[in-house]
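# Residue-level structural notes
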Amino acid sequence: MTLFEKIAAGQIPARMVAQSDHWIAFHDINPQAPVHVLIVPRKVIPRLGAAVEEDAPLLGELLLAAGTLARQLGIDQTGFRVAINHGPHAGETVPHLHVHLIGGRQMEWPPG
Ligand code: 5GP
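Given the structure is predicted, the values throughout are model-derived calculations rather than measurements. (Residues numbered from 1 in each chain as written. Predicted model: local features only at pLDDT ≥ 70, side-chain atom pairs only at ≥ 80, totals over all residues. Heavy atoms only, no water.)

## So, the environment of P31
Convention followed: Secondary structure counts use DSSP, requiring at least four H or I residues in a row for a helix and at least two E residues in a row for a strand, with both numbered from the N terminus. Between buried and exposed lies partly exposed: a residue is buried under 20% and exposed over 50% of the maximum accessible area for its type, with that area taken using a 1.4 Å probe on protein chains only.
Positionally, P31 belongs in the loop between β2 (23-27) and β3 (35-41). Accessibility expressed as a relative area gives 48% for P31, which makes it partly exposed. The sequence separation of P31 and P41 amounts to 10 residues, and the corresponding C-alpha distance is 20 Å.

This is the structure in structure tokens:
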């Protein structure tokens, strides 16, 4: 099982934010901003580049969830960033697709 499957199964504790039949959302253990939530599909897709055509509705759900959670967490007015890290150059550390929802502070562009 991946780390995030274990969180979804309740084998590893996490501060849950929301969940649906298709995804879970919980606070990152090492937050990079006042709000840092991970939105993780229950289906194990290792990384974005491994997603296939049939994953399109699920990928859409993850982005819709990011927008909804941003409103619920009060960062939609000030702004937020959504990030998906694929592979070593992006700093991916957990091989189970996840969307970072980050906000609550001013961010820089380009990202580091
Ligand atoms: P990545 O670097 O793969 O894009 O993101 C993985 C994220 O998972 C990191 O931001 C890291 O802090 C977070 N993370 C790693 N282990 C745990 C954990 O056990 N619990 C929680 N809540 N987050 C974790």
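Having seen the structure, we can now continue with the description.
## Here's the deal with the sheet that holds β3
Threshold: Strands were regarded as paired on the criterion that DSSP finds at least two bridges between them. Fitted lines through C-alpha atoms serve as axes, helices being fitted only where they are in contact, and the angles separating the N-to-C directions of these axes extend from 0 to 180 degrees. Here a residue-residue contact requires only that any non-hydrogen atoms of the pair lie within 4.5 Å.
Spatial strand order, β1-β2-β3-β5-β4: 5 strands in an open sheet with antiparallel pairing. In this open sheet, the two edge strands, each paired with only one partner strand, are β1 (16-19) and β4 (80-83). Taken pair by pair, the neighbouring strands of this sheet meet at an average axis angle of 20°, ignoring direction. In the sheet, β2 pairs with β3 via 5 bridges, with the strands oriented antiparallel. Looking at β3, one finds that F26 is bridged to L38. In the packing of helix α2 (residues 56-72) onto the sheet, contacts are made with β1, β2, β3, β4 and β5 (99-103), and the angle to β3 comes to roughly 155°.

## Examining the site of the ligand
The condition that has to hold: Here a residue counts as near a molecule or strand whenever at least one of its heavy atoms sits within 4 Å of it. Identification of polar contacts relies on pairs of N or O atoms within 3.5 Å, with a donor-acceptor requirement for protein atoms, meaning one able to donate a hydrogen and the other able to accept it, and with residues adjacent in sequence counted only if both atoms are side-chain atoms. Computed by Shrake-Rupley with a 1.4 Å probe, the accessible areas treat only the displayed protein chains as cover when residues are assessed.
Neighbouring residues of the ligand: 16 residues in total, closest D28, N85, T93, H98 and H100. Note that an oxygen atom of the ligand is positioned 2.7 Å from one of the backbone N or O atoms of T93. In isolation the ligand exposes 520 Å². Once the protein is present, 84% of that is buried. Residue assignment for the shell around the ligand shows that the elements contributing at least two residues are α1 (3-8) and β2. The greatest single-element share of the shell around the ligand, amounting to 3 residues, is contributed by α1.

## Details of the side chain of T2
Secondary-structure assignment places T2 in the segment before α1. The exposure class assigned to T2 is buried, which follows from its relative accessible area of 15%. Within the structure, the side chain of T2 is placed 2.7 Å from the side chain of H96, a separation counted as a polar contact. If we ignore the near neighbours within four places in the chain, the residues touching T2 are V44, P95 and H96.

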